[in-house]
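What the coordinates show
Here is how the chains run, residue by residue.
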Amino acid sequence: PAMKEAAKKTKWNILRGDTVQVIERKHPEFGKQGVVTVVDRRRDRVIIEGVNTGPKHQKANPDRGLAGRTIMKERSIHYSNVNLVDPVSGLPTRVSRKTLEDGSKVR
């Protein structure tokens, strides 16, 4: 069902490079801010730099001489659980689109 909902969308409010904040109160990373590194439009999910990290186990490779280890990797979070951060106030806000007098578009 999530992929069907994602396929219906034509406009995306959160893009790569945007600063966002986790707004889901039940999420353990609630209130944290970070920059979006990946937007998975097919699944309606985003990956935020330094937020929602979890252990990733790497298998050992004896041919290369690498030992097995555990690294912390950013996990995806649903886009509805994050809001764009206003660059002026630094607070999470809803996204609106406007056309200025000179014809340029802003979010």
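Attention here is on the structure that accompanies the text. Predicted model only: the values in this text are computed from it and were never measured. (Residues numbered from 1 in each chain as written. Predicted model: local features only at pLDDT ≥ 70, side-chain atom pairs only at ≥ 80, totals over all residues. Heavy atoms only, no water.)

Some points on the overall build of the protein
Under the convention used in this document: The secondary structure listing takes helices from DSSP runs of H or I that are at least 4 residues long and strands from runs of E that are at least 2 residues long, numbered from the N terminus. When we talk radius of gyration, it's over C-alpha atoms, and the globule rule is simply 2.2 Å times the number of residues to the 0.38. Here the term buried applies to any residue with accessible area under 20% of the maximum for its type, exposed to any over 50%, and partly exposed to those in between, with areas from a 1.4 Å probe on protein chains only. In this analysis, two residues are considered to be in contact whenever any of their non-hydrogen atoms come within 4.5 Å of each other. Counting rule applied: Lys, Arg positive; Asp, Glu negative; His and chain ends not counted. For this purpose, a charge sits on NZ of Lys, CZ of Arg, CG of Asp or CD of Glu.
When helices and strands are tallied, the protein shows one helix and ten strands. When the elements of the protein are put in sequence order from the N terminus, they spell out α-β-β-β-β-β-β-β-β-β-β. Taking 2.2 N^0.38 as the reference for a compact globule, 107 residues should give roughly 13 Å; the C-alpha atoms of the protein span a radius of gyration of 18 Å, well beyond that estimate. Dimensions along the principal axes, computed over C-alpha positions, put the protein at roughly 65 × 30 × 30 Å. Burial status across the protein gives 21% buried among its 107 residues. Restricting the contact set of the protein to residue pairs at least 6 apart, pairs at least 24 apart contribute 45%. Positive and negative side-chain charges in the protein, numbering 23 and 12 respectively, have mean positions lying 6 Å apart.

Looking at the side chain of Glu29
What counts, and what does not: By the criterion applied in these results, polar contacts are pairs of N or O atoms within 3.5 Å in which, for protein atoms, one can donate a hydrogen and the other can accept it, and in which residues neighboring in sequence qualify only through two side-chain atoms.
Positionally, Glu29 belongs in the loop between strand S1 (19-22) and strand S2 (33-40). A polar contact is formed between the side chain of Glu29 and the side chain of Lys32, at a distance of 2.9 Å.

Points about the pattern of salt bridges
Short version of the rule: A carboxyl oxygen of Asp or Glu within 4 Å of a side-chain nitrogen of Lys or Arg is what we treat as a salt bridge.
The full count for this structure, using the stated rule, is two salt bridges. Its salt-bridge partner being Glu29, residue Lys32 comes within 2.9 Å of it at the nearest N-O pair. Of the residues examined, Lys32 reaches a relative accessible area of 40% and is grouped as partly exposed. Two residues, Arg43 and Asp40, come together in a salt bridge whose shortest N-O distance is 2.7 Å. For Arg43, a relative accessible area of 36% corresponds to the partly exposed category. The partly exposed category is assigned to Asp40, whose relative accessible area is 24%.

So, the sheet that holds S1
Adjacent strands of a sheet form backbone hydrogen bonds with each other and so pair up, either parallel or antiparallel. Our working rule: Pairing between strands is defined by DSSP: at least two bridges between the two strands are required.
Pairing within the open sheet is antiparallel, and its six strands lie in the order S6-S3-S2-S1-S7-S8. Every other strand in the sheet has two partners, leaving strand S6 (76-78) and strand S8 (92-93) as the edge strands with one partner each.

With respect to the environment of Pro28
Within the element layout of this structure, Pro28 appears in the loop between S1 and S2. Taking the C-alpha atoms as reference, Pro28 lies 8.2 Å from Asn52; in sequence the two are 24 residues apart.

A word on the side chain of Asp18
Inspection of the secondary structure assignment puts Asp18 in the loop between helix H1 (2-8) and S1. Among the residues examined, Asp18 registers a relative accessible area of 11% and is labelled buried. Ignoring sequence-local partners within four residues, the contact set of Asp18 consists of Asn13, Gly34, Val35, Val36, Leu84 and Arg107.

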